[in-house]
Amino acid sequence: MTSNTRYKSRALRSEDGREEKEYVGFATLPNQVHRKSVKKGFDFTLMVAGESGLGKSTLVNSLFLTDLHKDRKLLNAEERISQTVEITKHTVDIEEKGVKLKLTIVDTPGFGDAVNNTECWRPITDYVDQQFEQYFRDESGLNRKNIQDNRVHCCLYFIPPFGHGLRPVDIEFMKALQDKVNVVPLISKSDCLTPNEIRKLKDRVREEIDTFGIKVYQFPDCDSDEDEEAKQKDRELKESTPFAVIGSNMVVETRGQKVRGRLYPWGIVEVENQSHCDFVKLRTMLVRTHMHDLKDITCDCHYENYRAHCIHTMTRRMQEMLQKMQQQMQHEQDL
């Protein structure tokens, strides 16, 4: 028989008449988890997808203040025509205020660059499934202490700014990955558009996402005990999707201050100015507020669906093998 009883710390009287609380010590558990997590470090895998020239590499470098593509070779027009979709990984260890992050960027050069883009997303979906398969094998093995988590936790999908909404390749790509990874759509190079054009394009993309039933990453609702400032920031993030972003690795001077931005003949576009683009909101969501939620959804939803499918397939095959063995044994007995 199992019984659950709740106890609360009792207030005792000391010799001098003051109240003292019984203290067991389990209130320090969050501190223990924090110290252990910081010591172990964190890992995060981010995939960027979109056709060439939309500023994927520049945006990633701007987000994490690093240079992941310094040795990259730029292809000419002829090489890009014959290029197929490839998967490239870049891993960098970042440390900030004693917290270590192992960041893996998965790039998809060649996506959407061909004349015929039929199922050009197949190598990308295969890669995501391969990471699930590898994690499933490691998890089912004998040594499970040092499992490397290479599962893709988030996919930033870049939508061109010069269209009138989603293209067929955009729709098919997001539908192919919606049940495998958290898809976050972005409007790239938004400095090509006026504020009014950005609003219209955002409305059109949101409308088409609903029309075609595309499942993109959904922000979780704030807890009821959150303060009003946190709730307001959460509403702003939800209203800003898809994020209109600008990336830049250049530091320019404006109003006596050095900022990260782009210099044009008509003025300066500041990457971290929220009146110019949604870069700060994307970085806030991706790094400061929702990184853990992206990892939780990957583990608890996308990976669990893959794992359940694998176990179901293995069980069905085992039953078929047993059934064949029984039929063979019965056949031998009849003879």
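Predicted, not measured: the structure shown is a model, and the values here were computed from it.

What about the pattern of salt bridges?
Where charged atoms of side chains with opposite charge meet at close range, the side chains can pair.
Part 1: Counting across every chain of the model gives 17 salt bridges.
Part 2: The residue Arg137 makes a salt bridge to Glu133 at a minimum N-O spacing of 2.7 Å. Here Glu133 and Arg137 lie together in helix 4 (residues 122–140), a separation of four residues that amounts to about one turn.
Part 3: As a salt-bridge pair, Arg206 and Asp203 come within 2.6 Å of each other at their nearest N and O atoms. On the criterion of helical spacing, the pair formed by Arg206 and Asp203 is a turn pair, its members being three residues apart in helix 6 (residues 195–211).

Looking at the UniProt feature "site: Important for dimerization" (unreviewed entry) in the chain
Part 1: Here the UniProt-annotated "site: Important for dimerization" (unreviewed entry) positions come out as Phe162.
Part 2: With respect to the helices and strands, Phe162 occurs in the loop between strand 6 (154–159) and helix 5 (168–177).

Some points on the sheet that holds strand 11 (residues 267–270)
Part 1: The three strands lie next to each other as 9-10-11, forming an open sheet whose pairing is antiparallel. Edge positions in the sheet fall to strand 9 (251–254) and strand 11, since each has one partner strand and no second. Geometrically, the sheet is characterised by an average inter-axis angle of 70 degrees between neighbouring strands, direction not taken into account.
Part 2: Sheet analysis places strand 10 (residues 257–264) next to strand 11, joined by four bridges and oriented antiparallel. Paired with Leu263 across the two strands is Ile268, which belongs to strand 11.

Observations concerning helix 5
Because the α-helix completes a turn every 3.6 residues, residues three or four places apart line up on one side.
Part 1: For helix 5, every residue scored as buried is listed here: Val169, Asp170, Ile171, Phe173, Met174 and Leu177.
Part 2: Where helix 5 is buried, its residues contact strand 3 (42–49), helix 4, strand 6 and strand 7 (183–187).

What to know about the environment of Val169
Part 1: You can see Val169 is positioned in helix 5.
Part 2: Judged by its relative accessible area of 15%, Val169 falls in the buried class.
Part 3: In contact with Val169, other than residues within four places in its own chain, are Phe111, Asn117, Cys120 and Tyr157.

Remarks on the packing of helix 7 (residues 228–240) against helix 8 (residues 279–289)
Part 1: Contact pair helix 7 / helix 8: the axes reach a minimum separation of 10 Å and the direction vectors enclose 120 degrees. Put simply, helix 7 runs oblique to helix 8. Judged by the sense of rotation from one axis to the other, the crossing of helix 7 with helix 8 is left-handed. Between helix 7 and helix 8, the residues in contact are Glu236, Leu237 and Ser240 and Lys281, Met285 and Thr289, respectively.
Part 2: The residue inventory of the contact of helix 7 with helix 8, partitioned by class, reads two nonpolar, two polar and two charged.

Some points on helix 6
Part 1: In a regular helix each residue adds 1.5 Å, so 17 residues correspond to 24 Å; helix 6 covers 24 Å between its end C-alpha atoms and thus fits that length.
Part 2: Regarding helix 6, the residues found buried are Ile198, Leu201, Lys202, Val205, Glu208 and Ile209. For helix 6, the buried positions fall inside an angular range of 135 degrees around the axis, keeping them on one side. Away from its buried face, by an angle of more than 90 degrees, helix 6 presents the exposed residues Lys200, Asp210 and Thr211.

Topic: a nonpolar patch on the surface
Part 1: Taken together, the side chains of Met318, Met321, Leu322 and Met325 present a nonpolar region at the surface, about 400 Å² in accessible area.
Part 2: Its location among the elements puts Met321 in helix 9 (residues 291–334).

Considering the nonpolar core
Part 1: Core analysis: the largest hydrophobic core is formed by 37 residues, its most contacted members being Met47, Phe111, Tyr157, Leu166, Phe173, Met174 and Leu177.
Part 2: When contributions to this core are tallied by element, the ones reaching two or more residues are strand 3, helix 4, strand 6, helix 5, strand 7, helix 6 and helix 9.
Part 3: Ranked by the residues each element gives to this core, the list is headed by helix 4, at six residues.
Part 4: Contact partners of Phe111, with chain neighbours within four places excluded, come to Gly50, Glu51, Ser52, Val85, Cys120, Trp121, Ile124, Tyr157, Val169 and Phe173.
Part 5: Ranked by size, the runner-up nonpolar core spans 33 residues in total, among them Leu46, Leu63, Cys154 and Leu186.

Points about the sheet that holds strand 7
Part 1: Taken together, six strands build an open sheet; the order of strands is 4-5-3-6-7-8 and the sheet is mixed. Two strands close off the open sheet at either side, each with one partner strand: strand 4 (88–96) and strand 8 (243–244).
Part 2: Examined bridge by bridge, strand 4 and strand 5 (residues 99–107) share nine bridges and lie antiparallel to one another. In the sheet register, Lys89 faces strand 5, and the bridge partner there is Val106.
Part 3: On the sheet, helix 6 packs against strand 6, strand 7 and strand 8 and is oriented at approximately 150 degrees with respect to strand 7.

Points about unusual backbone geometry
Part 1: Cis rather than trans, the peptide bond between Thr241 and Pro242 has omega equal to -10 degrees.
Part 2: With respect to the element layout, Pro242 can be found in the loop between helix 7 and strand 8.
Part 3: Of note, Lys97 is a non-glycine position whose phi angle comes to about 55 degrees, a positive value.
Part 4: For Lys97, the location among the structural elements is in the loop between strand 4 and strand 5.
Part 5: Here Lys189, not a glycine, exhibits a phi torsion of approximately 45 degrees, which is positive.
Part 6: Inspection of the secondary structure assignment puts Lys189 in the loop between strand 7 and helix 6.
Part 7: Using a relative accessible area of 36% as the deciding quantity, one classes Lys189 as partly exposed.

The rules behind each value
- Residues numbered from 1 in each chain as written.
- Predicted model: local features only at pLDDT ≥ 70, side-chain atom pairs only at ≥ 80, totals over all residues.
- Heavy atoms only, no water.
- Salt bridge = Lys/Arg side-chain N within 4 Å of Asp/Glu carboxyl O.
- Helix = DSSP H or I, 4+ residues; strand = E, 2+ residues; numbered from the N terminus.
- UniProt positions renumbered as here; feature names shortened; annotations may be inferred.
- Pairing = 2+ DSSP bridges.
- Axes fitted to C-alpha atoms, helices over the stretch in contact; angles between N-to-C directions.
- Buried < 20%, exposed > 50% of the residue type's maximum accessible area, 1.4 Å probe, protein only.
- Contact = heavy atoms within 4.5 Å.
- Parallel < 35°, antiparallel > 145°, perpendicular 65-115°, else oblique.
- Left-handed = near helix turned anticlockwise from the far one by under 90°.
- Nonpolar A, V, L, I, M, F, W, Y, C, P; charged D, E, K, R; others polar.
- Expected span 1.5 Å × (residues − 1).
- Arc of directions from axis to C-beta.
- Patch = residues over 30% accessible without salt bridge, like charges linked within 9 Å, V, L, I, M, F, W, Y side chains within 5 Å.
- Areas by Shrake-Rupley, 256 points an atom, 1.4 Å probe, with all protein chains shown as cover.
- Core = buried A, V, L, I, M, F, W, Y, C linked by side-chain atoms within 4.5 Å.

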